[in-house]
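Structure assessment
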Amino acid sequence: MADLPGRYGEYGGRYVPEVLIAALQELEEAYPKISQSSEFRTELEDLLATYAGRPTALTFARRMTDDLGGAKVYLKREDLAHTGAHKVNNVLGQCLLARYMGKRRVIAETGAGQHGVATATACALLDLDCEVYMGEEDIERQALNVFKMELLGARVRPVSSGSKTLKDAINEAMRDWVTHIRNTYYCIGSVMGPHPYPMMVRDFQRVIGIEARQQMLDVEGRLPDVLVACVGGGSNAMGLFHPFIEDDDVQMIGVEAAGEGLETGRHGAALSAGTAGVLHGMCSLVLSDDDGQIFEAHSVSAGLDYPGVGPEHAYLRDIGRATYVTADDDSAIDSFVYLSRMEGIIPALESAHAIAHARILAPTLSRDAIMLINLSGRGDKDAPQVRDILAARHSESH
Amino acid sequence: MGRIESRFSDMRERGECALIPFLTAGDPNLPTTEALVLAMAEAGADLIEIGVPFSDPTAEGPTIQRSSERALSSGTTLRGVLKLVNNLRPKIDQPLVLMGYANVFLAMGERNFAEAAKEVGVDGVITVDLPPEEGGLFFDSLIECEIDPILLASPTTPESRMAMLVEKTRGFLYYVSLTGVTGARKEIAAGLEEAVSKIRKISEIPVCVGFGISTPEQVAEVGRFADGAVVGSALVDLIEAAETPGPAVASVSEFVAKLKRALR
């Protein structure tokens, strides 16, 4: 898709301090060699099947379909993967790569803790040292995930700089990597960062779309008409979309977090409201002011609370191959409840954004149309937060 | 000949290493920065590096991270920094180099920034996260405006790449002394002298060393083999420790003079 390696139109690239260049070149050379070797492929496929629980199910959402009265709705069940989200696909790939590269120490950033828990899980499995950078604010909000990471043998490093959230955790992980470049592997959690990360993470997440494509053919005998997935950094959406890119009749829709509303400035919608800029080693769409300072993103869902987005999404938007819409905090909460009641599936708040858009779109489509939603994760982690929000709503209405 | 080039050729003639102090513009506010730069120039700085604050400075240690945060909370913008240079330029003859991150420069537009920077008398620009592979248009715009795009090299830079960097850099090569972020260290990185002498073998370009250099003794050590020594965090610490601008100017001035004496 890209003109140059690591370029997606004008986006992508490698905007990093000089110290990191050699490490990225080493990774760029090692990745295709290792990931295409039959030894690596066999080991990863085995882990995905016997450890992560792949292939994940494709579920026909019968009650949701009936209720919405339009397109047939299917759910790709990444919530059923080990650790409860699609994140495991990427960390198993990257941590296995780290081991093949002889790097015994793995670092990662985490916002709400999902990628941190997934990385800690893979490091426990593969016997690697693991340190996870996490903003102090997030540590407070996500105490359970901190405990899980420690339980899994990882060290959680609190980050007190900047906004003390995900973007600062990434900054601090990059500072660690600069310092320990020779023995450390940086396991980035989404299709972002400097080349080759956006490509690598996409490749490891493509398993979602490859499986879903075959499952649709098996069940319906044809491809879906529309794919819907939430987009923060964009890894679950890219994993679903990418194997369908050449299928021109398949529409692809990414749903970003509108937070408290795009007009309030408190959102996480880099594709819908961002400008081209440079953040965390990549050129992409970012939330930045006229002076080039990065905004704090906002979303009720920590996984979408990021002021940038993967560069390939920015490219797919520009060429019109994918479209990007938003869902706000309230509609995500409503859809969290909706899917729980309709299908007996508690979705992650991130995935609830995709459900929210599907509820608007499906009724406008014919009954022959097929919609495939990526249910990127399960919502157990969000249950306490949603309980509090619903209780607050309840007391306001009385 | 640009101001940076002629400064280094003078210094080489005298056999002296340049003292390059760094501070963040707008920490704690731009008027104080102006007073601090004038004091540094007076106390013996040979070239002055002015940091442009950014919200996400991934190559900085805690000291300069905090100074960036203070500068941003005082409302410092790139346009404000250019105004600062405009005020300073007629008052001092030391080359002035801006150091910052790509997003801030690119947000203004490559050409717009280069022309505005030329207008006020910026001599060089160091962009921490813009390697030459990505910086083509920006660096070309700077060169057209007679501003030096100064590239960085590090201990992890392979030899073949080093040859490319010394070819493409202008004014001097900024050699990052260690694999790590900015900030004071107890010891100078092992192998530093050898690394600099390797660069000398392939290029005439002046080599300045920064990151982790904070004491007069370390400056004197670097001065034996490099064309310039950059001191940043140690000065920023003094600015942070002073509660009002007056004492900050006094302690910075005194420390710069001490560093300069170590090089004579």
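Each remark here, short or long, concerns the structure printed above.
I will try to describe carefully the structure that is included in this document. Within every chain, residues take consecutive numbers counted from 1 along the sequence as written. Key to labels: chains lettered from A, ligands numbered from 1, both in the order written. Selection of residues for local features in this predicted model requires a pLDDT of at least 70, selection of side-chain atom pairs for listing and counting requires 80 or more, and totals for whole chains, interfaces and linings are taken over all residues. The side-chain values count all of the structure's non-hydrogen atoms but skip hydrogen atoms and water molecules.

**Considerations on the interface of chain B and chain A**
Our working rule: Residues count as neighbours in contact if any of their non-hydrogen atoms are within 4.5 Å of one another. Accessible area that two parts lose when put together, evaluated with a 1.4 Å probe and summed over both, is termed the buried area. For salt bridges, the criterion is a side-chain nitrogen of Lys or Arg within 4 Å of an Asp or Glu carboxyl oxygen. The term polar contact refers here to a pair of N or O atoms within 3.5 Å; inside protein, the definition further demands a hydrogen-donor-capable atom paired with an acceptor-capable atom, and it admits residues adjacent in sequence only when both atoms are side-chain atoms. Strands are runs of DSSP state E lasting at least 2 residues, helices are runs of H or I lasting at least 4, and numbering of each runs from the N terminus. Charged means Asp, Glu, Lys or Arg here, nonpolar means Ala, Val, Leu, Ile, Met, Phe, Trp, Tyr, Cys or Pro, and polar covers whatever is left, Gly included.
Residue-level contacts link 36 residues of chain B with 33 residues of chain A. Around 2600 Å² of area is buried between chain B and chain A when both sides are counted, 50% of it from carbon and sulfur atoms. A per-residue breakdown of the area chain B buries against chain A is headed by T58(B), N103(B) and E134(B), which together make up 22% of the total. Our count for the contact surface shared by chain B and chain A stands at three salt bridges. One salt bridge in this structure joins E134(B) and R7(A), with 2.2 Å as the shortest N-O distance. Seen at the junction of chain B and chain A, the total is 17 residue pairs in polar contact (both at pLDDT 80 or more). Of all the secondary structure elements, the ones that give two or more residues to the side of chain B that touches chain A are α3 (62-73), α5 (102-107), β6 (152-153) and α8 (159-168) of chain B. For the side of chain B that touches chain A, the element with the highest residue contribution is α5(B), accounting for five residues. The residue inventory of the side of chain B that touches chain A, partitioned by class, reads 20 nonpolar, 10 polar and six charged.

**Overview of the packing of aromatic side chains**
Stated formally: Paired rings are identified among Phe, Tyr and Trp, the last through its six-membered ring, by centres lying within 6.5 Å, and are further divided according to the angle between planes into stacked (under 30 degrees), edge-to-face (over 60) and tilted (the rest). Buried, partly exposed and exposed residues are distinguished by accessible area as a fraction of the type maximum, computed with a 1.4 Å probe on protein chains only: under 20%, between the cut-offs, and over 50%, respectively. Think of it as a cone above the ring: NZ of Lys or CZ of Arg counts as a charge over the ring if it is within 6 Å of the ring centre and within 35 degrees of the ring normal.
Evaluated as defined, the whole model comprises 14 aromatic pairs over all chains. The interplanar angle of 45 degrees and the centroid separation of 4.9 Å between the aromatic rings of F105(B) and F113(B) together place this pair among those described as tilted. Using a relative accessible area of 0% as the deciding quantity, one classes F105(B) as buried. By relative accessible area, F113(B) is classed as buried at 0%. Ring centres of Y174(B) and F211(B) lie 6.1 Å apart, and the angle between their planes is 85 degrees; on these two criteria the pair is classed as edge-to-face. With Y174(B) in strand β7 (residues 173-176) and F211(B) in the loop between β8 (207-210) and α10 (216-223), the pair connects residues that are 37 residues apart, well separated along the chain. We note that Y174(B), like F211(B), is buried. Put simply, the rings of Y31(A), F40(A), Y100(A) and F204(A) pair up and form one aromatic cluster. Over the aromatic face of F60(A) sits the side chain of K72(A), whose NZ or CZ is 5.5 Å from the ring centroid. A cation over a ring is seen here: R213(A) above F244(A), with NZ or CZ 6.0 Å from the ring centre.

**Some words on the sheet that holds strand β7 (residues 155-159) of chain A**
All names here are of chain A. Applied cut-off: Two strands make a pair as long as DSSP finds a minimum of two bridges between them. A fitted line through C-alpha atoms serves as each axis, taken over the contacting stretch for helices, and the angle formed by two N-to-C directions is quoted from 0 to 180°.
An order of β7-β6-β5-β8 is seen for the four strands of this open sheet, with the pairing classed as parallel. Edge positions in the sheet fall to β7 and β8 (184-186), since each has one partner strand and no second. Averaged over all adjacent pairs, the angle separating strand axes in this sheet is 25 degrees, with direction ignored.

**Looking at the layout of surface pockets**
Residues and elements named next belong to chain A. For clarity, the threshold we go by: Using a 1 Å grid laid over the protein atoms alone, points where a 1.4 Å probe fits but cannot get out form a cavity; open sets with protein on both sides within 12 Å along at least 5 of 7 lines form a pocket; any residue with an atom within 4 Å of a point counts as lining. Grid points are joined across faces, edges and corners, and a volume is the space filled by probe spheres set on the points.
The calculated volume of the largest pocket comes to roughly 780 Å³. Taken together, 40 residues form the lining of the largest pocket, with R141, Q142, N145, A302 and D382 sitting closest to its centre. Secondary-structure elements contributing two or more residues to the lining of the largest pocket are α5 (114-126), α6 (136-141), α7 (143-151), α8 (166-179) and α15 (383-396). Its residues assigned to classes, the lining of the largest pocket shows 13 nonpolar, 14 polar and 13 charged. In this structure, the second largest pocket spans a volume of roughly 420 Å³. Of all the secondary-structure elements, those providing two or more residues to the lining of the second largest pocket are α1 (18-35), α2 (38-50) and α9 (197-220). Per-element accounting of the lining of the second largest pocket gives the leading share, six residues, to α9.

**Some details on empty space enclosed by the protein**
In this structure the tally under the stated criterion is nine cavities of 30 Å³ or more. Contributing to the lining of the largest cavity are 33 residues, with H86(A), K87(A), G189(A), G303(A) and L304(A) lying nearest its centre. Secondary-structure elements contributing two or more residues to the lining of the largest cavity are β5 (105-110), α5, α10 (235-241) and α14 (349-361) of chain A. Taken together, the residues that form the lining of the largest cavity break down as 10 nonpolar, 18 polar and five charged. Estimates place the volume of the second largest cavity at around 150 Å³. Together, 19 residues line the second largest cavity, and I64(B), T182(B), F211(B), G232(B) and S233(B) are the ones closest to its centre.

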